[in-house]
Amino acid sequence: MNSGIDLQGSFITSLTDFGLSPELAKTLWIPLPLGLMIIGATVGVLVSVWLERKISAAAQQRIGPEYAGPLGVLQPVADGIKLVFKEDIVPAKADSVLFTLGPAIVVIPVFLSYLIVPFGQNLVITDLNVGIFLWISLSSITPIGLLMAGYASNNKYSLLGGLRAAAQSISYEIPLALSVLAIAMMSNSLSTIDIVEQQASHGILSWNIWRQPVGFLIFWIAALAECERLPFDLPEAEEELVAGYQTEYAGMKFGLFYVGSYVNLVLSALVFALLYLGGWEFPIPLSNLAGWIGVSENTPWLQVITASLGISMMVLKAYFLVFIAILLRWTVPRVRIDQLLDLGWKFLLPVSLVNLLLTAGLKLAFPFAFGG
């Protein structure tokens, strides 16, 4: 399904029709997708926080937030307002520069990663040839900010949390990258749009989740560990490290950590949907939708419908995965730090290597079935 309208072209054309020069129209376009990305990611965080509270309450047979807006939908907004107006305290013996830089280094790479997430054929801010590897490289910057925050806090619990975050990230980035490499090998591309298009031929039957059953499990486990979700919340570990690297943080600096964790969770769910669940594609192929209803594919209203359907599918798939991640929080016991590192180095790494070699062998043997 060719989902979408060329938004940039339409915007520039409409402005030039009003008499503006093409150069000025392009300049006016530049901040719009960035603003949309930030707004979309922030709304995604608000929805995720509300879902976290309601699903957690349902899992524990509670009601959850009810009074801040209908069904408590304004509770995340209330949380945000509270954090904005809380006093921002810097410990007396902390390194104030690193203490301030830490949260920013955690959040900025996650927001930048949204640049390569497509919601349709032309609904993407930048279609890079190495888009999926850009996400992996940006995600590796986040632990530097966590380690910086833990070290700068001058607190033993914070330092331990930062060290755990760095060790956890290094352990799980390699299996994550190897599972993505298997997908790239099958798709003959590192572009997120090409990876989705390669899954579009036969609907749900052509999704990569069937051709990479081991890879998708490795990716999901590693993504949960990268997001520091339970059962892999060892860097925060309220039970033994108070709150880990964010023990000394308050106000909006703590709010940035809070936002960053949920933005990262939604981003990981979106990337998982792109790689394994067909992205914006429907489970039933709609490539011949124009032919079925007897209109041209370039009809404006049909493009609007297909773009809306593509965005809806991406959001539905992503939030189904967010639901699974929240449910895992209350159904799976936490692991110890040695178990976490053993799982990454002694199990996921060799399994992901075997999966990559097996994918390469099958691609050579059956190129017609494995994207050859």
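Before any of the text, the structure's been laid out above.
Residues numbered from 1 in each chain as written. Predicted model: local features only at pLDDT ≥ 70, side-chain atom pairs only at ≥ 80, totals over all residues. Heavy atoms only, no water.

### Observations regarding the overall build of the chain
In step 1: Secondary structure summary: the chain contains 16 helices and 0 strands in total.
In step 2: By the compact-globule yardstick of 21 Å for 372 residues, the chain fits well, its C-alpha radius of gyration being 22 Å.
In step 3: A principal-axis box enclosing the C-alpha atoms of the chain has dimensions of 65 × 55 × 45 Å.
In step 4: Considering the chain as a whole, with its 372 residues, one finds that 48% of them fall into the buried category.
In step 5: If you take every contact in the chain between residues at least 6 apart in sequence, the share linking residues at least 24 apart comes to 77%.
In step 6: For the chain, the computed accessible surface area is about 17,600 Å², with 71% contributed by carbon and sulfur atoms. (Helix = DSSP H or I, 4+ residues; strand = E, 2+ residues; numbered from the N terminus. Rg over C-alpha atoms; globule rule 2.2 N^0.38 Å. Buried < 20%, exposed > 50% of the residue type's maximum accessible area, 1.4 Å probe, protein only. Contact = heavy atoms within 4.5 Å. Areas by Shrake-Rupley, 256 points an atom, 1.4 Å probe, with all protein chains shown as cover.)

### Some details on the side chain of Arg164
In step 1: Mapped onto the elements of the fold, Arg164 is located in helix 8 (residues 156-187).
In step 2: Those residues in contact with Arg164 that sit more than four places away from it in its chain are Leu234, Pro235, Ala237, Glu240, Leu241 and Ile337.

### Focus on helix 5 (residues 96-113)
In step 1: For helix 5, which comprises 18 residues, the first-to-last C-alpha distance of 27 Å matches the rise-based estimate of 26 Å (1.5 Å per residue) to within 8%.
In step 2: Buried within helix 5 we find Phe99, Gly102, Pro103, Val106, Val107, Pro109, Val110, Phe111 and Ser113.
In step 3: Its buried side turned inward, helix 5 meets helix 3 (31-59), helix 6 (131-139), helix 7 (142-152) and helix 13 (251-276). (Expected span 1.5 Å × (residues − 1).)

### Brief notes about unusual backbone geometry
Only a minority of non-glycine residues have a phi that is not negative, and only a minority of peptide bonds are not trans.
In step 1: The phi torsion at Gln61 lies on the positive side, around 60 degrees, for a residue other than glycine.
In step 2: Structurally, Gln61 is set in the loop between helix 3 and helix 4 (75-85).
In step 3: Residues other than glycine seldom take positive phi values, yet Glu228 does so here, at roughly 60 degrees.

### Digging into the packing of aromatic side chains
Each aromatic ring pair is specified by the distance between its two centres and by the angle formed by the two planes.
In step 1: Applying the stated criterion across every chain yields a total of 13 aromatic pairs.
In step 2: Summarising the aromatic geometry, the rings of Tyr172 and Phe232 are spaced 5.8 Å apart at their centres and angled 50 degrees between planes, so their arrangement reads as tilted. Placement of the pair is Tyr172 in helix 8 and Phe232 in the loop between helix 11 (213-226) and helix 12 (238-241), with a sequence separation of 60 residues.
In step 3: Of the residues examined, Phe232 reaches a relative accessible area of 6% and is grouped as buried. (Phe/Tyr/Trp six-rings, centres within 6.5 Å; stacked < 30°, edge-to-face > 60°.)

### What about the pattern of salt bridges?
In step 1: Scanning the model with the defined rule gives 8 salt bridges in all.
In step 2: A salt bridge links Asp233 to Arg334, with the nearest nitrogen and oxygen atoms 2.8 Å apart. In this pair, Asp233 sits in the loop between helix 11 and helix 12 while Arg334 sits in the loop between helix 15 (300-329) and helix 16 (337-365), placing the two residues 101 residues apart along the sequence.
In step 3: Linking Asp338 and Arg336 is a salt bridge whose minimum nitrogen-to-oxygen distance equals 3.0 Å.
In step 4: When its relative accessible area of 35% is taken as the criterion, Asp338 is described as partly exposed. (Salt bridge = Lys/Arg side-chain N within 4 Å of Asp/Glu carboxyl O.)

### Examining a nonpolar patch on the surface
In step 1: On the surface, Leu46, Leu71, Val73, Leu74, Val77, Ile81, Val84, Phe85 and Met252 cluster together into a nonpolar patch covering about 820 Å² of accessible area.
In step 2: In terms of residue count, helix 4 provides more of the nonpolar patch than any other element does, 4 residues in total.
In step 3: Looking at where Leu46 falls in the secondary structure, it is placed in helix 3. (Patch = residues over 30% accessible without salt bridge, like charges linked within 9 Å, V, L, I, M, F, W, Y side chains within 5 Å.)

### Digging into the packing of helix 4 against helix 13
In step 1: The N-to-C vectors of helix 4 and helix 13 enclose an angle of 140 degrees; their axes lie 6 Å apart at closest approach. On the basis of the axis angle, helix 4 is oblique to helix 13. Only Gly251, Met252, Phe254, Gly255 and Tyr258 of helix 13 make contact with helix 4, whose side of the interface consists of Asp79, Leu83 and Val84.
In step 2: Its residues placed into classes, the contact of helix 4 with helix 13 shows 5 nonpolar, 2 polar and 1 charged. (Axes fitted to C-alpha atoms, helices over the stretch in contact; angles between N-to-C directions. Parallel < 35°, antiparallel > 145°, perpendicular 65-115°, else oblique. Nonpolar A, V, L, I, M, F, W, Y, C, P; charged D, E, K, R; others polar.)

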